[in-house]
2 protein chains.
Amino acid sequence: MTEPTYQGKPLSQLFPEERAGWKGYIEWEDCPERKAIGREILKTKKFTPSPEFQLAPIPDTNPVLIGWRYKEYHEALGLKHIVDHSWEIVQKEKPDMIHLLDFPYNGETRRDKLMEGKITDNKYHFIRNHGGVPEIDEDAFELEFGGLVNKPCNLTMKDLKDPNKFPQMELTVTLQCSGTRRIEQIKEYPGEGDELIQAPWGEGAIGTAVYRGVSLKKVLKIACGGLKPEAQHLEFIGADTYFKKLNIFNYAVSVPWRKVRNAEEVILAWEMNGKPLPKIHGYPLRVVVTGYIGARSAKWVYKINALAEPSMGPVQSQEYLYYTPQIGKHNVKYSNGFSIQNMPVSSAIIFPLDKKVIVHAGKIAMQGWSYSGGGNWVERVEVSPDGGHTWWAVPQEQLTQKHYHAWRLWQVEVPVEAEGWIEVCVRTWDSSNNTEPTFVRSAWNWGLHVTSSAHRIKLYSVNTTRPETAKRLAWLEEHGERIEDLTVPIKEGLEPLDEYLATVRKFPREPES
Amino acid sequence: MTEPTYQGKPLSQLFPEERAGWKGYIEWEDCPERKAIGREILKTKKFTPSPEFQLAPIPDTNPVLIGWRYKEYHEALGLKHIVDHSWEIVQKEKPDMIHLLDFPYNGETRRDKLMEGKITDNKYHFIRNHGGVPEIDEDAFELEFGGLVNKPCNLTMKDLKDPNKFPQMELTVTLQCSGTRRIEQIKEYPGEGDELIQAPWGEGAIGTAVYRGVSLKKVLKIACGGLKPEAQHLEFIGADTYFKKLNIFNYAVSVPWRKVRNAEEVILAWEMNGKPLPKIHGYPLRVVVTGYIGARSAKWVYKINALAEPSMGPVQSQEYLYYTPQIGKHNVKYSNGFSIQNMPVSSAIIFPLDKKVIVHAGKIAMQGWSYSGGGNWVERVEVSPDGGHTWWAVPQEQLTQKHYHAWRLWQVEVPVEAEGWIEVCVRTWDSSNNTEPTFVRSAWNWGLHVTSSAHRIKLYSVNTTRPETAKRLAWLEEHGERIEDLTVPIKEGLEPLDEYLATVRKFPREPES
């Protein structure tokens, strides 16, 4: 088999993996000519459109969605091995997830794993990748500092991990995709269909881990001699390859210097819950930005630039933008939404599941998570069994411990007298007294980001303290039928004829003259 | 092939078509022993459960749902020919419908046919059958009067059609299935799953026709010498076979005498829009009850009984019951809901369709139907472009003519300045000042009947009077892209770099110190 070429040159020469020990990494940002050739090649090809899952049902397969288009981009540049290798890593490191998108890999934590404890096991922590997974030897790895730093420099992992050079720290951090609970927005109103699929996340694009590493502020100070006065933003460049409208990039985002100078809020991390970072989580080194959307916590970060303005990387300047409800395909621009950085207060009911039949004796047990970004923490969680009319606080004893930068899990039993379909919702109050909008529509936006409205589910309440209900449940059990099979007809008649006639004769439908 | 038998007797002898010229008709109500044998046979068989379409997506096939269970009931009794013949009649008389259920046949009128005029063409008028379609020769047909009439008698079609015996009348009548718009209730909360499938109707289970026939009141008076004093209800028995929990019936319903004694409200009809009744609509004779749910307008009516109490037929006593929202499988009885007779005021938006992109210059055109039963007529129709906050009346000129017992079609242009997703709804006020509940939840009920809340759709509004929108539409057209493909990403960048930078530098995201 001959290697594919472009104008006589093999693709592997045009888009080389240049650094020994850096598998799956192509440098794009330093190579404008390489970018241009890549774009020329992509422009000659046809690619499969993204699947339509907003105006059509979401498949109930696993993986749920297949990233044909992004795979084809890689293949067109001779980079199919990145696609294949990434999926191998998924199989090894994340075998038991809801695989929402197979490539770039987006995996959602299953409900039971989400509620296992305040720390999410590495194996189950959600993943939202924007490209393939590079595999970089720790010994070959170098982190480069550039831009408006006083002293550009390169650091090895050995340098970074040397406690005599940089003081180490551990931090318990919740990371959340800004698309968490996006499915609620999709169900009400379709929105942007990006070429990098906006995954239809449920409540599991969030997770918490203890990260070990060094404060970026201190590294900048110690290794780079600080920043030039005009530096206002720090840009993080990751080794993964990113595509946008037939342009090719390395992943790049930025956060303001003002965020970084809080020594405990932006760290360079190599350990997650006491273990080396999994490859799919950024091994050997990633950024962890507390309180911000997950997208800013760049993985496989190999270059940090101090800039006067935010990164022009498309993930920063053209995506994760928050629009007013009147903005959409007919008028959307990169400059008429604002960039999402801090995450607002939000929460989710994890158990029970939506549309379940709940047999109870006057109280329904619920559990879930609550979180607030931006340096706020969760102060109070309230649950409503009547669609938002009355609210019941979760007792403090039933919330997990507070951290400055992490969620709290909660459980509660809510009094429910009513039967039939009820709407149950949760809202959280954070340490700045922020709470959540009541309805999805209140905060719907074209990018389908930040679904922070009170999470709302429907339950079919069956209250066994009511005599008629207790009688019917016993009868169903006796006859081998289940109330949980709600829409399945009861096999026999609903009441004896004499009972029926006694009632309808006592209260006939037609009035007296 | 040997004919199937039960205890040595061929099924065709046990369940015979006894009357010459009465194809597809088996007498059950007069034959308790026959009913008992039928039940014994059914009890020995297993039947396919009804399809689950409330907790799973509704198929997008046509027919939408297949009535396996009801077909198997017929087959078990050697009556498969009724099933086959009914479908032949559908093909002939109703080829171009949304076939919601193939057997018993339920067909919904397509939107364009619904809006063609105040009279619905026979070919397109909706059908909600409860059994197979009998085929009865007009010359062989007889209508029997019994029960608490002063003079039991039989009438031929020739008798009934003789203007010297009974004065004839014509009436413009809207008939509506009490399940119209049921799909809205299903989408919010699943409910009863009957063995006779509760079809997931949209807005097309309604239609209007001019019926010709005789007033039932007058026939009772002239032919039967009136009713005995204790008679309070008139029961209508149809020639179709009906099943309920392995019991077998002829279709039977009733209406109060008080309704019948209004000479213009209950008629025996043989003509529909100037033509003989189509077979599927009840040829040679049906009842038409104005203002009531369609189920009371029995087809193929061959027996009318005067009764002291409502019919004990399951369609009357065990179905079409209206329950409170706290009643469901856990406590539902035949006696804790009330029987649905008159239909309340209701309406539907037929155009535009839900979730459509609407490109307009400040006004959105809409059309639909409005109806009220119970002797009320439509006085006013109002449309809201903002989810029910402001309401705009449809000018009287844009409503079709009033009839005592028929709908009004309407069209209107509503001012819409807003862009993006809007919720548009309609409500109607009738001649008694009744109007519609605002939300589906306000009137949800276990039987999923009478979806009379303000009909609500979502539209994506694109207002070309806005300069940014006009510019984007022109650009899309120039580049061969369509705003209607809402979720398909725009191929090129959203704005030139210099424009982007000018805006984000003028209004930077980060504040001043």
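Residues numbered from 1 in each chain as written. Chains lettered and ligands numbered in written order. Predicted model: local features only at pLDDT ≥ 70, side-chain atom pairs only at ≥ 80, totals over all residues. Heavy atoms only, no water.

### Considerations on the UniProt feature "domain: Oxidoreductase molybdopterin-binding" (unreviewed entry) in chain A
Then, number 1: UniProt annotation of "domain: Oxidoreductase molybdopterin-binding" (unreviewed entry) refers to residues 130-313 of chain A when read in the numbering used here.
Then, number 2: With 13% helix and 40% strand, residues 130-313 of chain A has end C-alpha atoms that lie 13 Å from one another. (UniProt positions renumbered as here; feature names shortened; annotations may be inferred. Helix = DSSP H or I, 4+ residues; strand = E, 2+ residues; numbered from the N terminus.)

### Some points on the pattern of salt bridges
Residue and element names in this part refer to chain A.
Then, number 1: For the structure shown, the criterion picks out 56 salt bridges over all chains.
Then, number 2: One salt bridge connects glutamate 417 with arginine 466, and the closest N-O pair in it is separated by 3.3 Å. Of this pair, glutamate 417 sits in the loop between strand 25 (408-415) and strand 26 (420-430) while arginine 466 sits in the loop between strand 27 (455-463) and helix 11 (467-478), and the two are 49 residues apart along the sequence.
Then, number 3: For glutamate 417, a relative accessible area of 48% translates into the label partly exposed.
Then, number 4: Among the ionic pairs, glutamate 419 bridges to arginine 466, the shortest N-O distance being 3.9 Å. With glutamate 419 in the loop between strand 25 and strand 26 and arginine 466 in the loop between strand 27 and helix 11, this pair connects stretches of sequence that are 47 residues apart.
Then, number 5: Owing to a relative accessible area of 32%, arginine 466 belongs among the partly exposed residues under this scheme.
Then, number 6: Connected via shared salt-bridge partners are Asp194, Lys244 and Glu319. (Salt bridge = Lys/Arg side-chain N within 4 Å of Asp/Glu carboxyl O. Buried < 20%, exposed > 50% of the residue type's maximum accessible area, 1.4 Å probe, protein only.)

### A short note on the packing of aromatic side chains
Then, number 1: Across all of its chains, the model carries 39 aromatic pairs over all chains by this definition.
Then, number 2: Plain terms: the ring middles of Trp22(A) and Tyr302(A) are 5.9 Å apart, the flat faces sit at 90° to each other, and that makes the pair edge-to-face. One end of the pair, Trp22(A), is in strand 3 (residues 22-23); the other, Tyr302(A), is in strand 17 (residues 301-307), and 280 residues separate them in sequence. Neither Trp22(A) nor Tyr302(A) differs from the other in exposure class; each is buried.
Then, number 3: With 5.0 Å between their ring centres and 35° between their planes, Tyr73(B) and Phe243(B) make a pair best called tilted. (Phe/Tyr/Trp six-rings, centres within 6.5 Å; stacked < 30°, edge-to-face > 60°.)

### Observations regarding helix 11 (residues 467-478) of chain B
Residues and elements named next belong to chain B.
Then, number 1: If you check helix 11, its first and last C-alpha atoms are 17 Å apart, about what twelve residues at 1.5 Å a residue would give, namely 16 Å.
Then, number 2: Among the residues of helix 11, Thr469, Arg472, Leu473 and Leu476 are the ones counted as buried. In a view along the axis of helix 11, the buried residues occupy a sector of 100°, so they form one face of it. The outward face of helix 11, more than 90 degrees from its buried face, is lined by the exposed residues Pro467, Lys471 and Glu478.
Then, number 3: In this fold, the buried residues of helix 11 make contact with strand 21 (356-360) and strand 27 (455-463).
Then, number 4: A positive phi of about 70° marks glycine 480, the residue just after helix 11. (Expected span 1.5 Å × (residues − 1). Arc of directions from axis to C-beta. Contact = heavy atoms within 4.5 Å.)

### Section: the sheet that holds strand 6 (residues 127-128) of chain A
Residue and element names in this part refer to chain A.
Then, number 1: The three strands lie next to each other as 4-5-6, forming an open sheet whose pairing is antiparallel. Each edge of the sheet is formed by a strand with only one pairing partner; in this case those strands are strand 4 (98-101) and strand 6.
Then, number 2: Both strand 4 and strand 5 (residues 106-108) contribute to a ladder of three bridges, which runs antiparallel. Across the sheet, histidine 99 pairs through a bridge with glycine 107, a residue of strand 5. (Pairing = 2+ DSSP bridges.)

### Here we look at unusual backbone geometry
All names here are of chain A.
Then, number 1: Backbone torsion omega between tyrosine 283 and proline 284 reads 5°, so that peptide bond is classified as cis.
Then, number 2: For proline 284, the position within the fold is in the loop between strand 15 (275-276) and strand 16 (286-289).
Then, number 3: Of note in the backbone geometry, lysine 245 takes a positive phi value of approximately 50° without being a glycine.

### A look at the packing of helix 3 (residues 68-76) of chain A against helix 4 (residues 80-93) of chain A
All names here are of chain A.
Then, number 1: Taken N-terminus to C-terminus, the directions of helix 3 and helix 4 make an angle of 135°; their axes are 6 Å apart at the nearest point. Here helix 3 lies oblique to helix 4, going by the angle between them. Contacts from Lys71, His74 and Glu75 in helix 3 reach Lys80, Ile82 and Val83 in helix 4.
Then, number 2: Class assignment of the residues belonging to the contact of helix 3 with helix 4 gives a composition of two nonpolar, one polar and three charged. (Axes fitted to C-alpha atoms, helices over the stretch in contact; angles between N-to-C directions. Parallel < 35°, antiparallel > 145°, perpendicular 65-115°, else oblique. Nonpolar A, V, L, I, M, F, W, Y, C, P; charged D, E, K, R; others polar.)

### Quick notes on the interface of chain B and chain A
By convention, interface size is frequently given as the accessible area that disappears when the constituent parts associate.
Then, number 1: The interface is formed by 73 residues belonging to chain B together with 73 residues belonging to chain A.
Then, number 2: Together chain B and chain A conceal approximately 6200 Å² of surface at their shared face, both sides included; 53% is due to carbon and sulfur atoms.
Then, number 3: When residues of chain B are sorted by the area they lose upon contact with chain A, Lys329(B), His330(B) and Trp421(B) head the list and together hold 14% of the total.
Then, number 4: Summed over the shared surface of chain B and chain A, the number is six salt bridges.
Then, number 5: Here Lys333(A) makes a salt bridge to Glu499(B), at a shortest N to O gap of 3.7 Å.
Then, number 6: Counting every contact that joins chain B to chain A gives 46 residue pairs in polar contact (both at pLDDT 80 or more).
Then, number 7: Of all the secondary structure elements, the ones that give two or more residues to the side of chain B that touches chain A are helix 7 (182-188), strand 19 (338-339), strand 26 (420-430), strand 27, helix 11 and helix 12 (497-506) of chain B.
Then, number 8: A per-element tally of the side of chain B that touches chain A places helix 12 of chain B first, with seven residues. (Buried area = accessible area lost by both parts, 1.4 Å probe. Polar contact = N/O pair within 3.5 Å; in protein donor to acceptor, adjacent residues only side chain to side chain.)

### Looking at the relation of the copies chain B and chain A
Then, number 1: Laying chain B over chain A is done by rotating through 180° and shifting 0.0 Å along the axis; what remains is an RMSD of 0.0 Å. Viewed as a symmetry operation, the transformation between the two copies matches a two-fold axis. When C-alpha distances to the rotation axis are compared across chain B, the minimum falls at Pro57(B), with a value of 3.9 Å.
Then, number 2: When you check the interface residues of chain B against chain A, 100% turn up at the interface there too, and the contact is symmetric in its surfaces. (Least-squares fit on C-alpha atoms with pLDDT ≥ 70 in both.)

### So, the pairing of strand 13 (residues 247-256) of chain B
All names here are of chain B.
Then, number 1: Strand 13 sits mainly inside the fold: nine of its ten residues count as buried.
Then, number 2: Where strand 12 (residues 233-244) and strand 13 come together, nine bridges link them in antiparallel fashion. Bridging from a neighbouring strand, lysine 244 pairs with asparagine 247 of strand 13.
Then, number 3: Where strand 12 hands over to strand 13, the hairpin turn is made up of two residues, of which lysine 245 adopts a positive phi near 50°.

### Concerning the side chain of Ser335(B)
Then, number 1: Among the structural elements, Ser335(B) can be located in the loop between strand 18 (321-322) and strand 19.
Then, number 2: Engagement of the side chain of Ser335(B) in a polar contact is seen with the side chain of Glu495(A), the distance being 2.8 Å.

### Let's talk about the environment of Leu353(B)
Then, number 1: Within the secondary structure, Leu353(B) sits in the loop between strand 20 (346-351) and strand 21.
Then, number 2: Excluding residues that lie within four positions of it along the chain, Leu353(B) makes contacts with Arg111(B), Ile457(B), Lys458(B) and Leu459(B).

### Description of the sheet that holds strand 26 of chain A
All names here are of chain A.
Then, number 1: Overall, mixed pairing links the five strands, which are arranged 21-27-26-23-24 in an open sheet. The outermost strands of the open sheet, each flanked by one partner alone, are strand 21 (356-360) and strand 24 (392-393).
Then, number 2: As paired elements, strand 26 and strand 27 share seven bridges and run antiparallel to each other. Counterpart to valine 424 in the pairing with strand 27 is isoleucine 457.

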